[in-house]
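Below, each chain spelled out in residue letters.
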Amino acid sequence: MIELIGVSKGFGGKAVLQDISAVMEAGKTNLIIGTSGSGKTVLMKCMVGLFDIDEGQILYNKSDFFSMTEKERKVIRQEIGMLFQGTALFDSMTVEQNVMFPLQMFSNMSYRDRMKRVNFCLERVNLKDTNKKYPAEISGGMKKRVGIARSIVLNPKYLFCDEPNSGLDPQTSMVIDKLIRELTVEYNITTVINTHDMNSVMEIGDNILYLYQGHKQWEGSSRDIIYSKDEKLNSFIFASEFLQEAKRMRQLDMEKKQTL
Amino acid sequence: MLLTSFGRYLLMLRDMFSKPENWKMYWRQFMLQCSDIGIGSLGIVIIISLFIGGVSTVQTAYQLVSPIIPKSTIAQVVRDSMILEFSPTITCIVLAGVVGSKIASELGNMRVSEQIDALEIMGINTKGYLILPKIMAALLTIPMLVVLSGFLGIWAGEIAGRVSGIISERDFLQGLVQGFRPYIVFFALVKSYTFAFIISSISSYFGYYVKGGALEIGRASTKAVVISCIFILLADYALAALLLT
């Protein structure tokens, strides 16, 4: 579990995050949503320690990340897996070497055991026959899956995904969403996802944090979104007429289920 | 601005030193860099050394017009200029272009594509894992290249003198041993270690702290080469003033 308590962060005197408090639960997909420039990526980078925060606390299982010694932080970092927006795969390494890298660095496993683990993770994300390929030789969706495989290879407690669906077609996006959801539940991971993708919000949003101009505007689940009266949230989520229609349909559907 | 950059450069150097997460991986990275910097630059070093040596002999002979100066003096001049200046300084200026731009663009690309962030999140000291092996590899291989360059330059000078009929092999070999002071070899090595450090650390600094996109990687790469060359020339003068006067 990750807790944010009054987190604030600014750059050059300009506040980017203001007094954000939230709880990211284990075994659930915690989504951070908001318009471009609302501070989603900054919040995520603060959570993984790439940026220092100006005020507040970020607690990993009740321990404040920014009060830890460098050694303690390293331990926490080894429990973190992250999928970057651009995947951040090492382009000089093959798919297999990319996934094996954290194992080589942090485990004492034999080569055979490492290979077993790598193959297991690649199979888990439905990637076959790509072991010897370089990132430049595979598609965007495959790169994301390699990124996920690399993130889970050390059995992380925390999984961060920055825009996991950016640049992917809707079908592949759904596959990636489903995969992240399955892994979260299967390994009881605290998963935090930054996304713009409304389909992800509705499908896998167990806990949603909506940021508006650097502060927390709304918090709830994908079910709560349907009934939310928050204008800013509604104009962000249901921006098009099509989505507004979908919302009405979903509301009717849920009401029908309740009356039954 | 300049002071901030210098401070950040010093902090980068300080932060490189921490206990490696895995000695084997750091060693592997070091060997990879030795191959990249040393073997990767071998071709260009051989070519420039041969030509500089050959040209030195021809031009020295052209300037020594007095009949009272023995021919062996040409070999002495070629030897001393190769060891004192051409091999360490010219080779390192060329290496600043070849190795420096490679280091800066490699790290810059890793920064822009978030590969450095990915390593950081894994809990790896990225300065230690990415920069330290480059500097160590440069400190090991560049002096070797400089020594090789010295030998090749003098050898090419001898061949050029013989082929063009300027100086016989016997006179050249006689000139090579005349008034030889081993101290100049020590001086050349001090220079090559200093220049190796300048090239690798300055290029790493510009690459590691790139911000932006592909355009900025190009700019950082150019800046790394230009600043490295300036510092090589400054250090060249400072070392000459310090150790030769």
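Please read all numbers here as calculations on a predicted model, not as lab measurements.

1. Topic: the overall build of chain A
A tally of regular secondary structure across chain A gives ten helices and ten strands. On C-alpha atoms alone, chain A measures out to a radius of gyration of 19 Å, which is about the 18 Å that the 2.2 N^0.38 rule sets for 260 residues. With the C-alpha coordinates of chain A rotated into their principal frame, the extents come out at 55 × 40 × 35 Å. Long-range pairs, those at least 24 residues apart, make up 66% of the contacts in chain A between residues at least 6 apart in sequence.

2. Some thoughts on the packing of helix 4 (residues 72–112) of chain B against helix 9 (residues 214–243) of chain B
Residues and elements named next belong to chain B. Closest axis-to-axis distance for the helix 4/helix 9 pair is 8 Å, and the angle between their directions is 145°. For helix 4 against helix 9, the interelement crossing comes out right-handed. Packed against helix 4, whose contacting residues are Thr-89, Cys-92, Ile-93, Ala-96, Gly-97, Gly-100, Ser-101, Ala-104, Ser-105, Gly-108, Asn-109 and Val-112, the element helix 9 presents Ile-217, Ala-220, Ser-221, Ala-224, Val-225, Ser-228, Cys-229, Ile-232 and Asp-236 at the interface. Considering only residue class, the contact of helix 4 with helix 9 consists of eleven nonpolar, nine polar and one charged.

3. Quick word on the packing of helix 3 (residues 95–106) of chain A against helix 5 (residues 140–152) of chain A
Residues and elements named next belong to chain A. Contact geometry of helix 3 with helix 5 gives a least axis separation of 7 Å together with a crossing angle of 25°. The orientation of helix 3 with respect to helix 5, classified from their angle, is roughly parallel. The chirality of how helix 3 crosses helix 5 is right-handed. The residues of helix 5 that touch helix 3, namely those facing Val-95, Asn-98, Val-99 and Pro-102, are Val-146, Ala-149 and Arg-150. In the contact of helix 3 with helix 5, the residues fall into five nonpolar, one polar and one charged.

4. Description of the interface of chain B and chain A
Counting residues at the interface gives 13 residues for chain B, matched by 15 residues for chain A. Counting residues per element, the side of chain B that touches chain A draws most heavily on helix 5 (residues 115–122) of chain B, at six residues. Within the side of chain B that touches chain A, the residues separate by chemical class into five nonpolar, four polar and four charged.

5. Section: the sheet that holds strand 7 (residues 158–162) of chain A
Residues and elements named next belong to chain A. Strand order across the open sheet formed by six strands is 6-7-8-3-9-10, with mixed pairing between neighbours. At either end of the open sheet lies a strand with only one pairing partner, and these are strand 6 (80–83) and strand 10 (215–220). Recorded for the sheet is a direction-independent mean angle of 20° between the axes of neighbouring strands. Pairing between strand 6 and strand 7: four bridges, direction parallel. The residue bridging Leu-83 from the neighbouring strand is Cys-161, located in strand 7. Along the sheet, helix 1 (residues 40–47) makes contact with strand 3 (29–34), strand 7, strand 8 (190–195) and strand 9 (207–212), crossing strand 8 at roughly 155°.

6. A few points about the confidence of the model for chain A
The share of residues in chain A with pLDDT of 70 or more is 100%, and the mean pLDDT across the chain is 89. The element-level mean pLDDT for chain A is lowest in helix 10 (residues 241–259) of chain A, coming to 75, with helix 3 of chain A highest at 95.

7. Topic: the nonpolar core
With 118 residues, the main nonpolar core has Leu-43, Met-47, Val-99, Ala-149 and Phe-160 of chain A together with Ile-199 of chain B as its most contacted residues. In terms of residue count, helix 4 of chain B provides more of this core than any other element does, 14 residues in total. If near-sequence neighbours (up to four positions away) are discounted, Met-47 of chain A is found in contact with Ile-2, Ile-58, Phe-160 and Val-192 of chain A.

8. Digging into the confidence of the model for chain B
Of the residues in chain B, 100% have a pLDDT of 70 or more, and the chain-wide mean is 95. Interface predicted TM-score (ipTM) for the complex: 0.86; the corresponding pTM is 0.88.

9. What to know about the sheet that holds strand 4 (residues 55–60) of chain A
Residues and elements named next belong to chain A. In space, the four strands of this open sheet follow the order 2-1-4-5, with antiparallel pairing throughout. At either end of the open sheet lies a strand with only one pairing partner, and these are strand 2 (14–24) and strand 5 (63–64). Where strand 1 (residues 2–11) lies against strand 2, seven bridges are found, and the strand directions are antiparallel. Considered in strand 2, the bridge of Gly-10 is made with Ala-15.

10. Focus on the pairing of strand 4 of chain A
Residues and elements named next belong to chain A. As defined by bridge partners, strand 1 adjoins strand 4 across five bridges and the pair is classed as antiparallel. Each bridged residue has a counterpart across the sheet, and for Ile-5 the counterpart in strand 4 is Gln-57. Bridge count between strand 4 and strand 5: two bridges; the pairing is antiparallel. Residue pairing for strand 5: Leu-59 is matched across the bridge by Asp-64. Connecting strand 4 to the antiparallel partner strand 5 that follows it, the hairpin turn spans two residues, and Asn-61 within it adopts a positive phi of roughly 45°.

Conventions used here
- Residues numbered from 1 in each chain as written.
- Chains lettered and ligands numbered in written order.
- Predicted model: local features only at pLDDT ≥ 70, side-chain atom pairs only at ≥ 80, totals over all residues.
- Helix = DSSP H or I, 4+ residues; strand = E, 2+ residues; numbered from the N terminus.
- Rg over C-alpha atoms; globule rule 2.2 N^0.38 Å.
- Contact = placed C-beta atoms within 7 Å.
- Axes fitted to C-alpha atoms, helices over the stretch in contact; angles between N-to-C directions.
- Left-handed = near helix turned anticlockwise from the far one by under 90°.
- Nonpolar A, V, L, I, M, F, W, Y, C, P; charged D, E, K, R; others polar.
- Parallel < 35°, antiparallel > 145°, perpendicular 65-115°, else oblique.
- Pairing = 2+ DSSP bridges.
- pLDDT = per-residue confidence, 0-100.
- Core = buried A, V, L, I, M, F, W, Y, C linked by C-beta atoms within 7 Å.
- Buried ≥ 20, exposed ≤ 12 C-beta atoms within 10 Å, placed from the backbone.

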